[in-house]
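The chain contents come next:
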Amino acid sequence: MKAPLIAIIAAGLLGSGCIYKEALVEINTHPINPSLLGLWEEIPENEESTDPDQLLVLKYSDTEYMVLFDDELYFRGYPIELGGSKCIQLQLIGSNKGDLANKKMKRFLVARTAIENDHLEIRMLDQDLVDDDLESTRDLARAFLKHKDNPKLFDKPGRFKRIKE
């Protein structure tokens, strides 16, 4: 799978967010939120969508999630905090076509999540405020902190409903 396709799929996962070459935060020590665990199905914006995407969120450790998007993309997810803002960082680690962990490509996403009435809202970091061409964790963090109080820091939400077994 080529990098542009992965970026398109990952952006589709969570709205129009951007994908970064480096992590926003390198060390994670925050505990996961158990209410995010489970199987989620996209709530289409219009009635024409007949094949909604699915998101499976599993506990990998006390501080990490394993996320499977649409039976195709595998992410390591972990809660982060920067400048008082709590987010989840996603690291693309592979696809159903193989391991991507060692590839030098853009594979990090940052999201803000909220759950209400078994609906998950995911907002991705806006590339207009935190440019996806920034090359280092330090530059990403600096851009993020510059805009941390801007209500447009995160894009329009993707919405998912919990699938009960």
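What you see is a predicted model; the values in this text were computed from it and never measured.

## Some thoughts on the overall build of the chain
So, point 1. Tallying secondary structure elements over the chain gives 2 helices and 9 strands in all.
So, point 2. Element order for the chain, N to C, with α for helix and β for strand: α-β-β-β-β-β-β-β-β-α-β.
So, point 3. The 165 residues of the chain split such that 42% are buried.
So, point 4. For the chain, contacts bridging at least 24 residues in sequence account for 57% of all contacts bridging at least 6.
So, point 5. For the chain, the accessible area works out to roughly 9400 Å², and carbon and sulfur atoms hold 49% of it.

## Section: the nonpolar core
So, point 1. Core analysis: the largest hydrophobic core is formed by 20 residues, its most contacted members being Leu 55, Val 57, Tyr 65, Val 67, Phe 75, Leu 120 and Ile 122.
So, point 2. Those elements giving two or more residues to this core turn out to be β2 (54–61), β3 (64–69), β4 (73–82), β5 (85–95), β7 (108–116) and β8 (119–124).
So, point 3. Of all hydrophobic cores here, the second largest spans 19 residues; its members include Tyr 20, Leu 125, Val 130 and Phe 154.

## Remarks on the side chain of His 147
So, point 1. In this fold, His 147 is placed in the loop between α2 (137–146) and β9 (158–163).
So, point 2. A relative accessible area of 17% places His 147 in the buried class.
So, point 3. Not counting chain neighbours up to four residues away, the residues in contact with His 147 comprise Leu 129 and Leu 153.

## Examining the packing of aromatic side chains
So, point 1. A full pass over the atoms with the stated rule returns 1 aromatic pair.
So, point 2. When the ring of Phe 144 is compared with that of Phe 154, the centres are 6.4 Å apart and the planes differ by 75°; the resulting orientation is edge-to-face. Taken together, the positions of Phe 144 in helix α2 and Phe 154 in the loop between α2 and β9 put the pair 10 residues apart, joining distant regions of the chain. Residues Phe 144 and Phe 154 agree in their burial class; the two are buried.

## Observations concerning the environment of Gly 158
So, point 1. The topology assignment puts Gly 158 in strand β9.
So, point 2. Classification of Gly 158 as buried rests on a relative accessible area of 13%.
So, point 3. Sequence-wise, Gly 158 and Pro 44 are 114 residues apart; in three dimensions their C-alpha atoms are separated by 8.9 Å.
So, point 4. If we ignore the near neighbours within four places in the chain, the residues touching Gly 158 are Leu 120, Glu 121 and Ile 122.

## Quick look at α2
So, point 1. Residues of α2 that are buried include every one of Thr 137, Leu 140, Ala 141, Ala 143 and Phe 144, and no others. Down the axis of α2, the sector holding all buried residues measures 165°, keeping them to one side. When the buried face of α2 is taken as reference, the exposed residues oriented beyond 90 degrees from it are Arg 138 and Lys 146.
So, point 2. Looking at the buried side of α2, the elements it contacts are β4 and β5.

## Here's the deal with the pattern of salt bridges
So, point 1. The final tally for this structure, using the stated rule, is 10 salt bridges.
So, point 2. Salt bridges linked by common partners bring Asp 118, Arg 162 and Lys 164 together as one network.

## Quick word on the confidence of the model for the chain
So, point 1. On average, residues of the chain carry a pLDDT of 83, and 83% of them reach 70 or more.
So, point 2. Per-residue pLDDT stays below 50 along residues 1–10; that stretch engages in 18 contacts with residues further than four places along the chain or on separate chains.

## Comments concerning the environment of Gly 94
So, point 1. By the secondary structure assignment, Gly 94 is in strand β5.
So, point 2. As a C-alpha pair, Gly 94 and Glu 72 span 22 residues in sequence and 8.5 Å in three-dimensional space.

Rules of the game
- Residues numbered from 1 in each chain as written.
- Predicted model: local features only at pLDDT ≥ 70, side-chain atom pairs only at ≥ 80, totals over all residues.
- Heavy atoms only, no water.
- Helix = DSSP H or I, 4+ residues; strand = E, 2+ residues; numbered from the N terminus.
- Buried < 20%, exposed > 50% of the residue type's maximum accessible area, 1.4 Å probe, protein only.
- Contact = heavy atoms within 4.5 Å.
- Areas by Shrake-Rupley, 256 points an atom, 1.4 Å probe, with all protein chains shown as cover.
- Core = buried A, V, L, I, M, F, W, Y, C linked by side-chain atoms within 4.5 Å.
- Phe/Tyr/Trp six-rings, centres within 6.5 Å; stacked < 30°, edge-to-face > 60°.
- Arc of directions from axis to C-beta.
- Salt bridge = Lys/Arg side-chain N within 4 Å of Asp/Glu carboxyl O.
- pLDDT = per-residue confidence, 0-100.

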